[in-house]
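# Remarks on the overall topology
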Amino acid sequence: MRSRGGRAGVTWPDLTALREAGRRELREFLDKCAGSKAIVWDEYLTGPFGLIAQYSLLKEHEVEKMFTLKPGRLPAADVKNIIFFVRPKLELMDIITENILSEDRGRSPQRDFHILFVPRRSLLCEQWLKDQGVLGSFIHKEQYSLDLIPFDGDLLSMESESAFKECYLESDQTSLYHAAKGLMTLQALYGTIPQIFGKGECARHVANMMIRMKREFPGSQNSIFPVFDTLLLLDRNVDLLTPLATQLTYEGLIDEIYGIQNTYVKLPPEKFAPKKQGEGGKDLPTEPKKLQLNSAEELYAEIRDKNFNAVGSVLSKKAKVISAAFEERHHAKTVGEIKQFVSQLPHMQAARSSLANHTSIAELIKDITTSEDFFDNLTVEQEFMSGIDTDKVNNYVEDCIAQKHPLIKILRLVCLQSVCNSGLKQKVLDHYKREIIQTYGYEHILTLNNLEKAGLLKPQTSGRNNYPTIRKTLRLWMDDVNEQNPNDISYVYSGYAPLSVRLAQLLARPGWRSIEEVLKMLPGPHFEERQQLPTGLQKKRQHGENRVTLVFFLGGVTYAEIAALRFLSQMEDGGTEYVIATTKLINGTSWIKSLMEKLEPAPF
């Protein structure tokens, strides 16, 4: 267990064992392909793999070249082995087929081909390659089970970008099987989780699969002392509201505005140019500034989960502390004092550069959050979430459509209104649909259909709006929110407490029995399972020792929800620490995008 920033003594399970297991599996596979190697990457996998293994590890195992998977001929490379790292998708099999068939058979020496499916081999893909006549070209055909990737000390993600769409639109449970497999791996490393709670259809499926896998592999019962006390499985469609709202934490806003991909963000370069006197801003950099964001950086760990309005004061305090530390050099008189100052210098310089970066990011965000457009959009969101005028056509939304604002912005607002009203009246829904199709084009009719199927934009069927009851019972809207020194999770949206996190909070204390009626109003079953532990492994809790709960979001989680769970972990009287797992890290934009489809115009 390692300690974490925030309240003293907050620890979380050391997730490096998971990363190590991933590295070991990768090394074993690379060693099977003796000799020099080139890896051909499915581009989507490079980010997640970077969190498991650095290039240096690949180099140690004779990987000399890396290419992106593209149609046509493979680039020239003087290596013995070509290894394809790919997801099991048919469109990628077509590209691989083309790569192999255009290989010069007359070349000498011949290159050996291997394929590594991530996270599972697929019979369909292998049959496809066989039909194309290339399956026999592969010497090794294996799978690499990259299910849960450690993103941070308390965060795991499968980075399965289509999991929500597959589960709710296509009734495809592949990602749920991978989630169950990932949880079995986790239990093999960290002990059996004695209690499983869940809410939602997908949660029920994952729990059933875990129980079945345990039955089918009796040897999977291990004698490791359990690290996690509870697993909470939550369907994303139990809380469709949270991802649609604009996140207001520092990390959430970076993701909303610039998009964080596999812990990296690309930012406009102009704020990061070194300022030199008298140069008047010439030769500004044009390449985006790429930064890694995780808890390893002290300052980021401190501010990432704060409401953005509380970040400025932390940065200015830090600036004073750092400049005072640099001033110390003038007071260092003796050799010992100078030596001590010099030894602290690398840490101080890193802190200064980190402060400069985050001051620049905060300025970029502030330019957006102080704009009229941002304020108007947020005002309407907050009116919907607090239950104001959710049942009629909204003027602001109509104006935005008339001015042809980005379609995703419109869809987020209309879906938010629908969710906060348990569906829209038919005439309101028809009005919005008509306006959207007339302004943005008929090809978006499939997207509107997908949103309806997912329950995001739908007619009110029962004639009853349950949202006010849910909002009041679960205290989802707090008028007196304290953004600077929060005392409730609602600070992450400046007033709205994420429903998903409220469910986790109430499960820990006083338990879900207290909210039975509301749970019935939310989609899907709620359930509890217990997994028997071998004698001697039952935990006897020491006085003051916290419980550890793993919350698994099936269908995606936002950074604001993660911040809210970290806030609960750090509460003095909380008694529970949270580790978060998900199928994908999402925000409203990336989530809606994953559900969008365009009708291709017919060729006339």
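Residues numbered from 1 in each chain as written. Predicted model: local features only at pLDDT ≥ 70, side-chain atom pairs only at ≥ 80, totals over all residues. Heavy atoms only, no water.

## Observations regarding the domain arrangement of the chain
Note the following rule: An automatic or database domain assignment is the source of the domain bounds shown. When checking whether two residues touch, look at their non-hydrogen atoms; a contact exists if any pair is within 4.5 Å. Buried area counts how much accessible surface, traced with a 1.4 Å probe, disappears from two parts once they are put together, with both parts' losses summed. Just to be clear on terms, a salt bridge is a Lys or Arg side-chain nitrogen sitting within 4 Å of an Asp or Glu carboxyl oxygen. The term polar contact refers here to a pair of N or O atoms within 3.5 Å; inside protein, the definition further demands a hydrogen-donor-capable atom paired with an acceptor-capable atom, and it admits residues adjacent in sequence only when both atoms are side-chain atoms. Per the convention used, a helix needs a DSSP run of H or I reaching at least four residues, while a strand needs a run of E reaching at least two, with both numbered from the N terminus.
If you check the domain split of the chain, you get domain 1 (15-146), domain 2 (147-242 + 498-603), domain 3 (265-275 + 284-370) and domain 4 (373-465). Placing a centre on the C-alpha atoms of domain 2 and another on those of domain 4 gives a separation of 29 Å. Every contact between the two is made by 17 residues of domain 2 and, on the other side, 21 residues of domain 4. Buried area between domain 2 and domain 4, summed over both chains or domains, comes out near 1800 Å², and the portion from carbon and sulfur atoms is 74%. In this structure, the connection of domain 2 to domain 4 is made through zero salt bridges. Applying the counting rule to domain 2 against domain 4 returns five residue pairs in polar contact (both at pLDDT 80 or more). Mapped onto the side of domain 2 that touches domain 4, the elements with two or more residues apiece are helix H6 (163-168) and helix H23 (588-595). Take the side of domain 2 that touches domain 4: its biggest share by element is six residues, from H23.

## Some points on the nonpolar core
For clarity, the cut-off: Side-chain atoms within 4.5 Å are what join buried Ala, Val, Leu, Ile, Met, Phe, Trp, Tyr and Cys residues into a set we call a nonpolar core. Burial classes follow relative accessibility: with a 1.4 Å probe on protein chains only, a residue under 20% of its type's maximum area counts as buried, one over 50% as exposed, and anything between as partly exposed.
Formed by 163 residues in total, the largest nonpolar core has its most connected members in Phe85, Leu233, Leu456, Leu503 and Phe552. In terms of residue count, helix H16 (residues 407-419) provides more of this core than any other element does, nine residues in total. Among residues more than four places away in sequence, those in contact with phenylalanine 552 are Leu148, Met158, Ala179, Leu183, Leu231, Leu232, Leu233, Leu234, Ala581, Thr582 and Thr583. Core analysis: the second largest hydrophobic core is formed by 23 residues, Phe67, Met93, Ile100 and Phe117 among them.

## Quick word on the pairing of strand S10 (residues 195-199)
Residues in a regular strand point their side chains to alternate faces of the sheet. Put simply, the rule reads: What makes two strands pair is DSSP finding at least two bridges between them.
Taking burial as the measure, the five residues of S10 include five buried ones, the bulk of the element. Alternating positions in S10 separate into two faces, Gln195, Phe197 and Lys199 on one and Ile196 and Gly198 on the other, with burial throughout. Note: S10 against strand S11 (residues 230-235), five bridges, orientation parallel. When the sheet's bridge partners are listed, isoleucine 196 is paired in S11 with leucine 231. Relative to strand S15 (residues 526-530), S10 runs antiparallel, the two being bridged by five bridges. Considered in S15, the bridge of glycine 198 is made with phenylalanine 527.

## Considering the environment of aspartate 154
By secondary structure assignment, the location of aspartate 154 is in the loop between strand S8 (149-152) and strand S9 (155-157). In this structure aspartate 154 comes out as buried when scored by relative accessible area, which is 3%. A sequence separation of 21 residues divides aspartate 154 from serine 175, and the C-alpha atoms of the two residues are 21 Å apart. A polar side-chain atom of aspartate 154 sits 2.8 Å from a polar atom in the side chain of arginine 566.

## Considerations on the pattern of salt bridges
Taken as a whole, this structure holds 32 salt bridges when the rule is applied. Lysine 318 is the salt-bridge partner of glutamate 302, the closest N and O atoms lying 3.0 Å from each other. With glutamate 302 in helix H11 (residues 298-303) and lysine 318 in helix H12 (residues 311-327), this pair connects stretches of sequence that are 16 residues apart. Overall, the relative accessible area of 26% leaves lysine 318 in the partly exposed class. Of the charged contacts in the structure, one is a salt bridge between aspartate 305 and arginine 566, with a shortest N-O distance of 3.2 Å. Of this pair, aspartate 305 sits in the loop between H11 and H12 while arginine 566 sits in helix H22 (residues 559-569), and the two are 261 residues apart along the sequence. Aspartate 305 sits in the buried class, given a relative accessible area of 14%.

## Some details on empty space enclosed by the protein
Selection criterion: Cavities and pockets are defined on a 1 Å grid built over the protein atoms alone: a cavity is a set of grid points where a 1.4 Å probe fits but cannot escape, while a pocket is an open set with protein on both sides within 12 Å along at least five of seven lines, and lining residues are those with an atom within 4 Å of any such point. Grid points are joined across faces, edges and corners, and a volume is the space filled by probe spheres set on the points. Each residue is assigned to one of three groups, with Ala, Val, Leu, Ile, Met, Phe, Trp, Tyr, Cys and Pro labelled nonpolar, Asp, Glu, Lys and Arg labelled charged, and all others, Gly among them, labelled polar.
Taken as a whole and assessed by the stated rule, the structure comprises one cavity of 30 Å³ or more. In this structure, the largest cavity encloses a volume near 50 Å³. If you go around the largest cavity, the residues you meet are Phe151, Asp152, Leu155, Glu251, Ile260, Thr263, Leu293, Asn294, Arg304 and Tyr559. Here the lining of the largest cavity is built from residues that sort into five nonpolar, two polar and three charged. Each of domain 2 (147-242 + 498-603) and domain 3 (265-275 + 284-370) gives at least three residues to the lining of the largest cavity.

## Structural notes on unusual backbone geometry
Between valine 118 and the following residue, proline 119, the backbone shows a cis peptide bond with an omega angle of 0 degrees. Within the element layout of this structure, proline 119 appears in the loop between strand S6 (112-117) and helix H5 (123-131). The amide bond that connects arginine 509 to the next residue, proline 510, takes the cis arrangement and shows omega of 10 degrees. Relative to the elements of secondary structure, proline 510 occurs in the loop between helix H20 (499-508) and helix H21 (516-521). At lysine 404, a residue that is not glycine, the phi angle is positive and equals roughly 55 degrees. Along the chain, the position of lysine 404 falls in the loop between helix H15 (395-402) and H16. A positive phi angle, close to 50 degrees, is found at serine 422, a residue other than glycine.

## Some words on a nonpolar patch on the surface
Operational definition: Candidates for patches are residues over 30% relative accessible area with no salt bridge; among them, like charges are joined within 9 Å and nonpolar side chains (Val, Leu, Ile, Met, Phe, Trp, Tyr) within 5 Å. Computed by Shrake-Rupley with a 1.4 Å probe, the accessible areas treat only the displayed protein chains as cover when residues are assessed.
The grouping of Tyr442, Ile445 and Leu599 at the surface amounts to a nonpolar patch, some 280 Å² of accessible area in total. Along the chain, isoleucine 445 turns up in helix H18 (residues 445-453).

## Points about the packing of aromatic side chains
Going by this rule: The rule is short: rings of Phe, Tyr and Trp, with Trp giving its six-membered ring, pair when the centres are within 6.5 Å, and they are stacked under 30 degrees, edge-to-face over 60, tilted in between. Definition used: whenever NZ (Lys) or CZ (Arg) falls within 6 Å of the ring centre and also within 35 degrees of the ring normal, the charge is taken to sit over that ring.
Enumeration according to the criterion identifies 14 aromatic pairs in this entry. Ring centres of phenylalanine 84 and phenylalanine 138 lie 6.2 Å apart, and the angle between their planes is 80 degrees; on these two criteria the pair is classed as edge-to-face. One end of the pair, phenylalanine 84, is in strand S5 (residues 81-86); the other, phenylalanine 138, is in strand S7 (residues 138-143), and 54 residues separate them in sequence. Both residues of the pair, phenylalanine 84 and phenylalanine 138, belong to the buried class. Ring geometry for tyrosine 250 against phenylalanine 308: centres 6.4 Å apart, planes inclined by 5 degrees, an arrangement best described as stacked. Pair noted here: tyrosine 250 is in helix H10 (residues 250-258) and phenylalanine 308 is in the loop between H11 and H12, with a separation of 58 residues, a long-range link. Note on accessibility: tyrosine 250 and phenylalanine 308 belong to one class, buried. Through a chain of ring-to-ring contacts, the aromatic side chains of Trp41, Phe49, Phe85 and Tyr144 assemble into a single cluster. Between the NZ or CZ atom of lysine 290 and the centre of the ring of tyrosine 264, over which it lies, the distance is 4.8 Å.

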